[in-house]
Amino acid sequence: MAVTDGHNPLLGETTCGTLLQKLQEIWDEVGESDDERDKMLLQIEQECLDVYKKKVELAAKSRAQLLEALSDAKIELARLLSALGEKSFVGIPDKTSGTIKEQLAAIAPALEQLWKQKEERVEEFSDVQSQIQKICGEIAGNVNVNETPVVDETDLSIKKLDEYQAHLQELQKEKSDRLQKVLEFVSNVHDLCAVLGMDFFSTVNEVHPSLNESSGAQSKSISNDTLARLAKTVLALKEDKKQRLHKLQELAAQLIDLWNLMDTSLEERKLFDHVTCNMSASVDEVTVPGALAMDLIEQAEVEVERLDQLKASRMKEIAFKKQAELEEIYARAHIEVEPEAAREKIMELIDSGNIEPSDLLADMDNQISKAKEEALSRRDILDKVEKWMSACEEESWLDDYNRDENRYNASRGAHLNLKRAEKARILVNKIPALVDTLVVKTRAWEDEREMQFTYDGVPLLAMLDEYAMLRQEREEEKQRLRDQKKFHEQKSTEQESIFGSRPSPARPAVATKKAVGPRTNGGTNGTPNRRLSLNANQNGSRSITKEGRRDSTGRPAAPTNYVAITKEDTASHISATESIPVTP
């Protein structure tokens, strides 16, 4: 009861003194000796010291823990600030005074806020690094990268985060550029496959399954391997396109040549317009889908083979057509050829089979080309020969006109003949200069080519020499006729003085009129004219040597357009008549 009363709050405050007093009272009642009492008091005092020591030790230990916690907090604070790249923080207390618990209480909010900021920063770093890792994986071709990136928590500064973000932006730009390149390559592959008639989906699937049109743009592979394979595919398709276009153009050229050779109708040619339309197109200009498909090229090859077989069966007809073209060129150029021998040779070559039809046609085309070149080199001389012939015709007509005694009568058309005669005299006066020019040009042509210039097989220089000689003879003959006329006139005057005057002009004597001889250039009652041939094919098969002599066939050579009167003819004319028409 005494102990219970000591602890009862109703009895008042219990202290060491009250307890000691209570203990004294108990000892008094018991009758404890002083020694025992001193011993008991020493024991109590020792026990109190032990309790105090334990409490002090516990307090010291607690203080040490609090100091350690404060130190750790400060270290953590410094580490967080360093990791976050912060030099200072708003929530950190400026003073370090106060109790340990006060200091811990002051620094705790700052730590909590920094921890939270660190978690947010780590999340940002992880997100950026994850995106970088993903794009790098896509570029490397490893799209299944699921590993969580390891964030370096020792450096979570804004500067480091900005570096990662800048790197991420570079990678995003590179990804965008690569994606653009991939889309361009895929578009090129699509266009090339369309032109070549190839399956686009199977082509891109061979490169990478993600490149077909069904997948989104973001899911397409952008790896180095994909880009390299796409570039290789595009190059291969372009090369294939180039080769197919070259092949198609060769086939188109062959088709056109065969059509031209065999005069193929326009309707048949239109069936292959899709082949010939790209005849002169470049590789980049061919964009029509299916324009270079293999079935189209095979169709053209089949048609070329068919036409080749048809050409072989019609080779004689085609060769003779070209031979006719060659002969026509030679005929216009007045070059003498042997068409029958050439045609027989063509027949022998085709029948023997010793020459390819294409080689024969190429050889004939070469002959036609050379013939055109030779005809072109002869054109200037031939034009002047035509002018010479025309002038000779006018000269012949003028001679007939001058021999016509009724040319001045007032008959119908007389004034037209008079005008023509005036023009003919001007033209005839130009003949000597024209002949001289022809001689100079012909000799220059022969010296340049070291061959003789012939006109329908007759040497042109020989014709010109013959014409010059005959013209001189004609001039001499005309002078002789004029002298003979003067002689007859003088003789008639002497007879008139002996036998009387001449008959009146109003009533000409019949004998005088009948005595007029035939026209020296083609009369109907006199000696026939001698026309010298310029063209062996036109006037019998006659030719003449360069010196003007007759060859083995006995033919003379001179233009058909002028008349040459020999001395014998003139003599016969003089002996057959007494009255000679005067040439004005």
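Caption draft 1: Quick look at the overall build of the protein. Tallying secondary structure elements over the protein gives 18 helices and two strands in all. By the burial criterion, 32% of the 584 residues in the protein qualify as buried. Contacts spanning at least 24 positions in sequence make up 74% of the contacts within the protein whose residues lie at least 6 apart. Summing over all exposed atoms, the protein offers an accessible surface of approximately 37,200 Å²; the carbon and sulfur share of this is 52%.

Caption draft 2: The arrangement of the packing of helix α13 (residues 357–403) against helix α14 (residues 414–429) in detail. For the pair α13 and α14, the least separation of the axes is 9 Å and the interaxial angle reads 130 degrees. What the angle tells us is that α13 and α14 run oblique. The two elements α13 and α14 meet at a crossing, and its hand is left-handed. Counted together, Ser390, Ala391, Glu394, Glu395, Trp397, Leu398, Tyr401 and Asn402 of α13 and Asn417, Leu418, Arg420, Ala421, Ala424, Arg425, Leu427 and Val428 of α14 form the full contact between these two elements. Considered class by class, the residues forming the contact of α13 with α14 number nine nonpolar, three polar and four charged.

Caption draft 3: Here's a closer look at unusual backbone geometry. Its identity as a non-glycine residue notwithstanding, His334 has a phi of 55 degrees, on the positive side. Looking at the element boundaries, His334 is found in the loop between α11 (315–332) and α12 (339–352). On the basis of relative accessible area, His334 is assigned to the buried category, the value being 15%. Non-glycine residue Asp456 carries a positive phi angle of around 55 degrees. As for its position among the elements, Asp456 is in the loop between β1 (454–455) and β2 (458–459). We classify Asp456 as buried; its relative accessible area is 9%.

Caption draft 4: Quick look at the environment of Lys316. Inspection of the secondary structure puts Lys316 in helix α11. Between the C-alpha atom of Lys316 and that of Arg343, which follows or precedes it by 27 residues, the distance is 9.5 Å.

Caption draft 5: Seen up close, the packing of aromatic side chains. Evaluation of the coordinates by the stated rule reveals six aromatic pairs. On the basis of an interplanar angle of 80 degrees and a centroid distance of 5.7 Å, the ring pair of Phe125 and Tyr164 is categorised as edge-to-face. A residue pair is termed long-range when its members are at least 10 positions apart, and Phe125 in helix α4 (residues 100–140) and Tyr164 in helix α5 (residues 158–196) qualify at 39 residues. Residue Phe125 is classed as buried on the basis of its relative accessible area of 1%. Its relative accessible area of 24% is what places Tyr164 among the partly exposed residues. Ring centres of Trp445 and Phe453 lie 4.9 Å apart, and the angle between their planes is 85 degrees; this geometry places the pair in the edge-to-face category.

Caption draft 6: Local environment of the environment of Glu303. With respect to the element layout, Glu303 can be found in helix α10 (residues 294–313). The spacing of Glu303 and Phe272 is 31 residues in sequence and 9.3 Å in space, taken between C-alpha atoms. Not counting chain neighbours up to four residues away, the residues in contact with Glu303 comprise Leu255 and Phe272.

Caption draft 7: Main features of the confidence of the model for the protein. Here the protein averages 78 in pLDDT, and 79% of its residues register 70 or above. Of all secondary-structure elements in the protein, the lowest mean pLDDT belongs to helix α17 (residues 510–514), at 34, while α5 reaches the highest, 91. The model gives residues 1–11 a pLDDT under 50, and that stretch makes five contacts with residues more than four places away or in other chains. Long-range and interchain partners of residues 504–584, a stretch whose pLDDT sits below 50, account for 140 contacts in this model, where long-range means more than four residues apart.

Caption draft 8: Focus on the nonpolar core. Core analysis: the biggest nonpolar cluster contains 63 residues, and Val189 and Val275 have the highest contact counts within it. Residue assignment for this core shows that the elements contributing at least two residues are α3 (34–84), α4, α5, α6 (200–207), α7 (224–262), α10 and α11. Look past the residues within four positions of Val189 in its chain and what remains in contact with it is Phe200, Thr203, Val204, Leu230, Thr233, Val234 and Leu237. Core analysis: the next-biggest nonpolar cluster, separate from the first, contains 35 residues, Ala333, Val428, Leu434 and Leu464 among them.

Caption draft 9: Highlighting the pattern of salt bridges. Counted according to the given criterion, the structure contains 22 salt bridges. For Lys247, the salt bridge goes to Glu301, with nearest N and O atoms at 3.7 Å. Of this pair, Lys247 sits in helix α7 while Glu301 sits in helix α10, placing them 54 residues apart in sequence. Bridged by salt links that share partners, the residues Glu395, Asp399, Arg471, Arg474 and Lys478 form one connected network.

Caption draft 10: Local environment of the side chain of Gln249. Its place among the elements puts Gln249 in helix α7. For Gln249, the side chain forms a polar contact with the main-chain oxygen of Asn278, separated by 3.1 Å. Setting aside its immediate chain neighbours within four residues, Gln249 contacts Asn278, Met279, Ser280 and Ala281.

Caption draft 11: Local environment of a negative patch on the surface. Together, Glu32, Asp34, Asp35, Glu36 and Asp38 make up a region of like negative charge exposed at the surface. Along the polypeptide, Asp35 turns up in helix α3. Judged by its relative accessible area of 62%, Asp35 falls in the exposed class.

Caption draft 12: Examining α6 more closely. Buried residues of α6: Phe200, Thr203, Val204 and Val207, and no others. Buried residues of α6, viewed axially, fall in a sector of 85 degrees; they line one side. Where α6 is buried, its residues meet α5 and α7. A distance of 3.4 Å separates the backbone nitrogen of Phe201 from a side-chain oxygen at the start of α6, and that oxygen is part of Asp199.

Caption draft 13: Summary view of α11. The end-to-end C-alpha separation of α11 is 26 Å, in line with the 26 Å expected for 18 residues at 1.5 Å each. Among all positions of α11, only Met315, Ile318, Ala319, Lys322, Gln323, Leu326, Glu327, Ile329 and Tyr330 are buried. On the buried face of α11, the contacting elements are α7, α10, α12 and α13. Positive backbone phi, at 55 degrees, marks His334, one or two positions downstream of α11.

Caption draft 14: Inspection of the side chain of Lys384 at higher detail. Mapped onto the secondary structure, Lys384 falls in helix α13. Overall, Lys384 belongs to the buried group, its relative accessible area being 17%. Excluding anything up to four places from it in sequence, Lys384 contacts Leu434, Thr437, Leu438 and Lys441.

Definitions and limits used
- Residues numbered from 1 in each chain as written.
- Predicted model: local features only at pLDDT ≥ 70, side-chain atom pairs only at ≥ 80, totals over all residues.
- Heavy atoms only, no water.
- Helix = DSSP H or I, 4+ residues; strand = E, 2+ residues; numbered from the N terminus.
- Buried < 20%, exposed > 50% of the residue type's maximum accessible area, 1.4 Å probe, protein only.
- Contact = heavy atoms within 4.5 Å.
- Areas by Shrake-Rupley, 256 points an atom, 1.4 Å probe, with all protein chains shown as cover.
- Axes fitted to C-alpha atoms, helices over the stretch in contact; angles between N-to-C directions.
- Parallel < 35°, antiparallel > 145°, perpendicular 65-115°, else oblique.
- Left-handed = near helix turned anticlockwise from the far one by under 90°.
- Nonpolar A, V, L, I, M, F, W, Y, C, P; charged D, E, K, R; others polar.
- Phe/Tyr/Trp six-rings, centres within 6.5 Å; stacked < 30°, edge-to-face > 60°.
- pLDDT = per-residue confidence, 0-100.
- Core = buried A, V, L, I, M, F, W, Y, C linked by side-chain atoms within 4.5 Å.
- Salt bridge = Lys/Arg side-chain N within 4 Å of Asp/Glu carboxyl O.
- Polar contact = N/O pair within 3.5 Å; in protein donor to acceptor, adjacent residues only side chain to side chain.
- Patch = residues over 30% accessible without salt bridge, like charges linked within 9 Å, V, L, I, M, F, W, Y side chains within 5 Å.
- Lys, Arg positive; Asp, Glu negative; His and termini not counted.
- Charge placed at Lys NZ, Arg CZ, Asp CG, Glu CD.
- Arc of directions from axis to C-beta.
- Expected span 1.5 Å × (residues − 1).

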